[in-house]
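# Inside the fold
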Amino acid sequence: MPTRPRPLLAVRLIGPTATVTTHAATIAAQLVAHYGRERVTCRTSTRTADYSGESRAYITITRKEPR
């Protein structure tokens, strides 16, 4: 079974849903611009947090795999 490449960077945000959503989009855009859209893949996912009205967002930057 192939293994996933190790991420260059992983970020987790936890807080009020509106704040997390806004910051996750901004941070993801800045990271892709920094590392280069043609060289990295940026994945984001959002889940509910333990408290009402809060969310968790995960941002992962990995090198693009050759095709």
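The structure contained in this document is the topic of the report that follows. None of these values were measured; they are calculated from a predicted model. (Residues numbered from 1 in each chain as written. Predicted model: local features only at pLDDT ≥ 70, side-chain atom pairs only at ≥ 80, totals over all residues. Heavy atoms only, no water.)

### With respect to the pairing of strand S2 (residues 40–48)
Pairing of S2 with strand S3 (residues 54–63) involves nine bridges; the strand directions are antiparallel. Looking across to S3, one finds that Thr46 is bridged to Ala57. Linking two consecutive strands that pair antiparallel, namely S2 and S3, is a turn of five residues; a positive phi of about 80 degrees is found at Gly53 within it. (Pairing = 2+ DSSP bridges. Helix = DSSP H or I, 4+ residues; strand = E, 2+ residues; numbered from the N terminus.)

### What to know about the sheet that holds S3
The sheet built from three strands is open, its strands ordered S1-S3-S2 with antiparallel pairing. If you trace the sheet from one side to the other, it starts and ends with strand S1 (9–16) and S2, each paired once. The sheet shows a mean angle of 15 degrees between the axes of neighbouring strands, taken without regard to direction. In this structure, S1 lies alongside S3, joined through eight bridges in antiparallel fashion. Its bridge partner lying in S3, Pro16 is registered against Glu54. Along the sheet face, helix H1 (residues 17–35) touches S1, S2 and S3 and points at about 160 degrees away from the line of S1. (Axes fitted to C-alpha atoms, helices over the stretch in contact; angles between N-to-C directions. Contact = heavy atoms within 4.5 Å.)

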